[in-house]
Amino acid sequence: MKSFTYERPNTPAEAAAAVARTPNAKFIAGGTNLLDLMKLQIETPTHLVDVNGLNLDKVEATPEGGLRIGALVRNTDLAADPRVWKDYGVLSRALLAGASGQLRNKATTAGNLLQRTRCPYFYDTAQACNKRQPGSGCSALDGVSRSLAVIGSSETCIATHPGDMAVAMRVLDATVETVDAKGGERRIPIAEFHRLPGDRSEVDTTLKLGELITAVTLPKPVAGTHIYRKVRDRASYAYALVSVAAILGKDGSGHVAFGGVAHKPWRVEAAEADLPHGAKAVTAKAFAGAKPTEDNAYKLKLAERTLAAALNQARA
Ligand SMILES: Cc1cc2nc3c(=O)[nH]c(=O)nc-3n(C[C@H](O)[C@H](O)[C@H](O)COP(=O)(O)OP(=O)(O)OC[C@H]3O[C@@H](n4cnc5c(N)ncnc54)[C@H](O)[C@@H]3O)c2cc1C
Ligand code: SF4
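Small disclaimer: the values here were computed from a predicted structure and weren't measured.

Colleague: Give me the lowdown on empty space enclosed by the protein, citing residues and values where you can.
Modeller: Inspection of every chain in the model, using the stated rule, returns one cavity of 30 Å³ or more. Each pocket or cavity is described by its volume, and for the largest cavity that value is around 80 Å³. In terms of lining residues, the largest cavity is bounded by 15 residues, among which Cys119, Cys129, Cys138, Cys157 and Ala159 are the most central. Here the residues of the lining of the largest cavity sort into ten nonpolar, four polar and one charged.

Colleague: Which residues make up the site of ligand 1, and what are the values?
Modeller: Near ligand 1, the surroundings consist of 32 residues, among which Phe27, Gly31, Thr32, Thr108 and Asp164 are the closest. Within the contact set of ligand 1, an oxygen atom lies 2.9 Å away from a backbone nitrogen or oxygen of Asn33. Between an oxygen atom of ligand 1 and a main-chain N or O atom of Asn112, the distance comes to 3.5 Å. Only strand 2 (25-28), helix 2 (34-39), helix 7 (109-113) and strand 8 (212-218) provide two or more residues apiece to the shell around ligand 1.

Colleague: Residues and numbers for the environment of Pro23, please.
Modeller: Among the secondary structure elements, Pro23 is positioned in the loop between helix 1 (12-21) and strand 2. Take Pro23: its relative accessible area is 65%, and that puts it in the exposed class. Considered as a pair, Pro23 and Thr46 are 23 residues apart in the sequence and their alpha carbons are 7.5 Å apart.

Colleague: A description of the packing of helix 11 (residues 279-286) against helix 12 (residues 298-315) should follow, citing residues and the corresponding values.
Modeller: Contact geometry for helix 11 and helix 12: axes closest at 9 Å, N-to-C directions at 135 degrees. Taken together, the axes of helix 11 and helix 12 are oblique relative to one another. The handedness of the crossing between helix 11 and helix 12 comes out as right-handed. Contacts from Ala279, Lys280, Val282 and Thr283 in helix 11 reach Ala303, Glu304, Leu307, Ala308 and Leu311 in helix 12. For the contact of helix 11 with helix 12, the class distribution of residues is six nonpolar, one polar and two charged.

Colleague: Go over the site of ligand 2 with me, naming the residues and quoting the values.
Modeller: Taken together, 13 residues form the shell around ligand 2, and within it Cys119, Cys129, Cys138, Cys157 and Ile158 come nearest. Spatially, ligand 2 is embedded in the largest cavity. Of the residues belonging to the shell around ligand 2, the class tally is nine nonpolar, three polar and one charged.

Colleague: Please set out the pattern of salt bridges residue by residue, giving values where relevant.
Modeller: Counting across every chain of the model gives 20 salt bridges. Arg146 serves as the salt-bridge partner of Asp233, at 2.8 Å between the closest nitrogen and oxygen. With a gap of 87 residues between them, Asp233 in the loop between strand 9 (225-231) and strand 10 (242-248) and Arg146 in the loop between helix 8 (120-123) and helix 9 (165-171) connect regions that are remote in the sequence. Residue Arg146 is classed as partly exposed on the basis of its relative accessible area, which comes to 37%. Two residues, Glu304 and Lys301, come together in a salt bridge whose shortest N-O distance is 3.4 Å.

Quick notes on the rules
- Residues numbered from 1 in each chain as written.
- Chains lettered and ligands numbered in written order.
- Predicted model: local features only at pLDDT ≥ 70, side-chain atom pairs only at ≥ 80, totals over all residues.
- Heavy atoms only, no water.
- 1 Å grid on protein atoms, 1.4 Å probe; cavity = no way out; pocket = protein on both sides within 12 Å on 5 of 7 lines; lining within 4 Å.
- Points joined across faces, edges and corners; volume = space filled by probe spheres on them.
- Nonpolar A, V, L, I, M, F, W, Y, C, P; charged D, E, K, R; others polar.
- Near = heavy atom within 4 Å.
- Polar contact = N/O pair within 3.5 Å; in protein donor to acceptor, adjacent residues only side chain to side chain.
- Helix = DSSP H or I, 4+ residues; strand = E, 2+ residues; numbered from the N terminus.
- Buried < 20%, exposed > 50% of the residue type's maximum accessible area, 1.4 Å probe, protein only.
- Axes fitted to C-alpha atoms, helices over the stretch in contact; angles between N-to-C directions.
- Parallel < 35°, antiparallel > 145°, perpendicular 65-115°, else oblique.
- Left-handed = near helix turned anticlockwise from the far one by under 90°.
- Contact = heavy atoms within 4.5 Å.
- Sits in = over half its atoms within 2 Å of the grid points.
- Salt bridge = Lys/Arg side-chain N within 4 Å of Asp/Glu carboxyl O.

If you want it as structure tokens, here you go:
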């Protein structure tokens, strides 16, 4: 067992400062991802900064007519919040499609955004993985890549962002709010929060060292049918092979983001104008430049069919 120290700060700025000043320190929230990674010694923090006491567990209305979701709001509570259920149905549905009831009771909004990939080679410490150990290589490139990315990948990594919630937040144009060690605040549009792997696949997001997520803000609700469709190997307790988060009018116009296909939730706004022309037209644009492997080329057709099913659902 690797030993580590632990502290429970009282304010967000104290928490950010604690992580910034201690080499290899990590925040811990629900622990449902971090503790698993620590048990496998994939993450080996020397110091844990517990953010559970920071009073960031409320969902509040914003003056702009939206919602501000505290970083510590549990996935179960967020999915069941009557305002989210009524006005941001795509988010409720995405959350309820994730993990299991027990996990959602612990998992937090910030932790969910920052969960790490489920690439099987990332979890197997006997295999080369640039994300786990930069410069070691990528076993997935010549390995089994059925669940991995079809677009936006690089020569060093073809992993996907595995989450459901972030895909809904992408279609809702959410903003991530942070505080840093000096108390400075930042608002990061969700489109710029997760990054593509490039030649630094170990870096999942644009957060800086010690930067703490305090909240996620949603703009005022967008009218339309809110749909989250997730295609997976089992009916529950499984990650998306492909998912579609959509807000659609009866004529098919609206907004759409895809999950399970890239290192970040995948949304191409320019493709949305084609929604009334059907799924094929949209996915042709949204996945232009895709580089699937032999194992995962099926995802392109699956994305088209999943979107077609969402469009049919909205028309009905
Ligand atoms: C068996 C299983 C099945 C699952 N299935 C799904 C699924 O189908 N869909 C899905 O979306 N998810 C799924 N998950 C993942 C689950 O949703 C995540 O583990 C959970 O959301 C992480 O939240 P947490 O609060 O427990 O994060 P933690 O494990 O506490 O932290 C995760 C990361 O976030 C960082 N962090 C936490 N809070 C902050 C903060 N405020 N600011 C900055 N950094 C922070 C931590 O340092 C850590 O790096 C599954 C998990 C398991 C174990
Ligand atoms: S795809 Fe990424 S996470 Fe998977 S083995 Fe390659 S470098 Fe590691």
